[in-house]
Amino acid sequence: MSRRSVLVWVGAAIIILGVVIFCWQLNQLPLTAYDEAVYGQVTRDTLKSGNIFSLQRLGQPWLEKPPLYFWLAMGSVTLFGPQEWALRLPSVLGAIFICLMVYLLIRKLGLGSWWSVLTIGVLTAIPYWYILMRQVRVDSLLILMLISALYFLVASWQRKQFAIWIGPLLGLAVMTKSVTTISVLPMLFVFSFVYRQWDWLRNRWLYYGLALGLTIIVPWHLYQTKLYGQDFWSIYLGFNILQRASEGFGLQQIHWYDYFLTLWKLAQPWYFLWIVGTVAVVILRRHITSDQTIQKLWLASLGSALVVIILFSLFKTHIPTYVLPAYPFIAISLVCSMHLLYHLVLQWRPQWQKVYVFSGLLGLGFACLFGYRVGLSIMPMLHFYFDSELKEIGQTVALQYQAGDRLYQLAWPVGDTLSYYAHQPIATIKLPTSGTFEEMEGPFFLFMQTDFMPIFFDEQGQVLAEYATGVHDAPQTVARLGHVVVPILTHENEGLGLSQWGEGQNSNQDEQESFQFILLFGFLQALGLFVGNVHTSRFG
């Protein structure tokens, strides 16, 4: 079978498996705070406004992000309806094509077919990566554009015309996540440095492409400037990028090593194996005399991952999603380490080849199983266990809502999920203290934790007299409960506290079958490697 045929068949298999793995039970979980529910609101409200070129949220301009993801989500919702999976579909498609482009990139740079497939398996099996690629987030599209730009950069080393695609892809990346695209561009230069390829900087096709990229970026930004003037730039760049980079959120102490610890928590066991493999290759590198091509790929991918992590460590905001662009390069350098070490021990004891392969098969199986458990443990960080109840409450409010009603939440939690499903904005009020009251215009819905119920109600569920009568010249404080007071879960509660809302649910259980696909996929990769070894007697 020719090389082109292998690429076509393997590429098709990656897409098909990607659809099964990433789309399985995609509609199972409600949209969660923060990004999912907010992006869902922006998608729905912008469609409702009739002007898709000006993003809207709850009747107000929303200027924090470029529109590319939202345009794709609008198209998906228009075709398939306002389902959670339709909003997540652009992110999932981005994840699937990231797998394809990573495979094509490392095949072009000399990694063998089975090793390249293993790389895709490792990337997919990283717990944090897998969960986030199935959420309403812009990161997968950004990473897809960057990996694709890197692929065409490498392709342009042989055929200069391919460089024309770099500019448009970077333009689409900017239209996905603004100028933060610039912060991950150094990976292009890392690969150029390792492979000593700099002619692309003098390639006229590159600059033709950059001109095309500007035609993608400029019109929408000029339109926003015309509509909102300085307000657009102060939010789009000032608050959303410059302020976060220089000041952070002020909620935690920032350390330069935060991202390394974050990866330790969220990307196990692959992060541990990456460290071990990197250290082993560095120590034994002088004994690795073959596979110079793989050594270059290992060094370039390792350098790209470290550059992304270190660069974002310099910012004052250390959000774990910022270093997602490093994950594909962690997977590539890990598999390259495995490739180099495998061939080293194969030179030492070639007669033990099947023992090495069988050991690798068991190791991959245990790694996938361990990753499955890690995935379940970090799910509550990414999908709150009370999201299902918030969805049900929000939908009930939407059915009962009447013009003029107001929605309030007491102190906690973040109201994005409730607001999305209720189709209305939610204001936050503070806990009442002795002699102080928060005036609330009725009729209204008031959302609170069950622990706060005694503040307002007696044991029979009646509103306390001081609130019902409106003391301290604060009538209607909590008096006219327009429709219903809805209790919301606290972390200590097992259920909602009101039987009418049913039993509380744990979103970990909703994702278990999805994580089983990761486990299965890992075993398939290992089995494929074993079969490939039996038939070829040598990988790569």
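Residues numbered from 1 in each chain as written. Predicted model: local features only at pLDDT ≥ 70, side-chain atom pairs only at ≥ 80, totals over all residues. Heavy atoms only, no water.

## A closer look at the overall build of the protein chain
Worth spelling out the cut-off: Numbering of helices and strands starts at the N terminus; helices are DSSP runs of H or I of at least 4 residues and strands are runs of E of at least 2. Note on classification: 1.4 Å probe, protein chains only; a residue is buried when its accessible area is under 20% of the maximum for its type, exposed when over 50%, partly exposed between these limits. In this analysis, two residues are considered to be in contact whenever any of their non-hydrogen atoms come within 4.5 Å of each other. Using a 1.4 Å probe, accessible areas were evaluated by the Shrake-Rupley method; residue-level cover was limited to the displayed protein chains.
A count of helices and strands for the protein chain gives 21 helices and 6 strands. When burial is assessed residue by residue, the protein chain has 52% of its 540 residues classed as buried. Relative to all contacts within the protein chain whose residues are 6 or more apart in sequence, the contacts with residues 24 or more apart total 77%. When the accessible surface of the protein chain is totalled, it reaches about 24700 Å², and 62% of it is carbon and sulfur.

## Observations concerning the environment of S337
Formally: Counting of polar contacts relies on pairs of N or O atoms within 3.5 Å, with two restrictions inside protein: one atom must be capable of donating a hydrogen and the other of accepting it, and residues adjacent in sequence are counted only when both atoms are side-chain atoms.
Structurally, S337 can be placed in helix α15 (residues 327-348). Looking at S337, the relative accessible area reads 1%, which means it is buried. A C-alpha to C-alpha distance of 9.9 Å links S337 and I275, two positions 62 residues apart in sequence. If we ignore the near neighbours within four places in the chain, the residues touching S337 are G277, T278, V281 and W298. There is a polar contact of 3.1 Å between the side chain of S337 and the side chain of W298. A polar side-chain atom of S337 sits 2.9 Å from the main-chain carbonyl oxygen of S333.

## Things to note about unusual backbone geometry
A cis amide bond links Q268 with the next residue in sequence, P269, at an omega value of 0°. Here P269 is to be found in the loop between α12 (258-266) and α13 (270-284). Despite not being glycine, L58 shows a phi value in the positive range, around 55°. Following the sequence through the fold, L58 ends up in the loop between β1 (56-57) and β2 (60-61). Among the residues examined, L58 registers a relative accessible area of 28% and is labelled partly exposed. Within the chain, R196 stands out as a residue other than glycine whose phi angle is a positive 55°. Tracing the chain through its elements places R196 in the loop between α9 (186-195) and α10 (204-228).

## A short note on helix α8 (residues 166-177)
Basically, it comes down to this: Here the expected span of a helix is defined as 1.5 Å times the quantity of residues minus one.
Between its terminal C-alpha atoms α8 stretches 17 Å, which fits the 16 Å expected from 12 residues at 1.5 Å a residue. Taking burial as the measure, the 12 residues of α8 include 11 buried ones, the bulk of the element. Of the residues making up α8, those classed as buried are I166, G167, P168, L169, L170, G171, A173, V174, M175, T176 and K177.

## Here we look at the pairing of strand β5 (residues 444-449)
Within a regular strand, side chains alternate between the sheet's two faces. Condition: We call two strands paired when DSSP finds no fewer than two bridges between them.
Burial within β5 is extensive, with 6 of its 6 residues counted as buried. Two strands pair when backbone bridges link them, and strand β3 (residues 406-410) and β5 are joined in this way by 4 bridges, in the parallel orientation. Residue pairing across strands places Y408 opposite L446, the latter belonging to β5.

## Here's the deal with the packing of aromatic side chains
The condition is simple: Note on aromatic pairs: the rings of Phe, Tyr and Trp (six-membered ring only in Trp) are paired at centre separations within 6.5 Å, and the planes decide the class, stacked below 30 degrees, edge-to-face beyond 60, tilted for the rest.
Applying the stated criterion across every chain, the model contains 33 aromatic pairs. Relative to Y327, the ring of Y128 lies with its centre 6.3 Å away and its plane at 35°, an arrangement referred to as tilted. Highlighted residues: Y128 in helix α6 (residues 127-133) and Y327 in helix α15, separated in sequence by 199 residues. Pairing F384 with F386 gives two aromatic rings, centres 5.4 Å apart and planes at 15°, and the pair type is stacked. Look at F384 and you get partly exposed, because its relative accessible area is 26%. F386 gets classed as buried once you look at its relative accessible area, which sits at 3%. Each member of the aromatic cluster is reached from another via a ring pair, and the members are Y39, W62, Y69 and F70.

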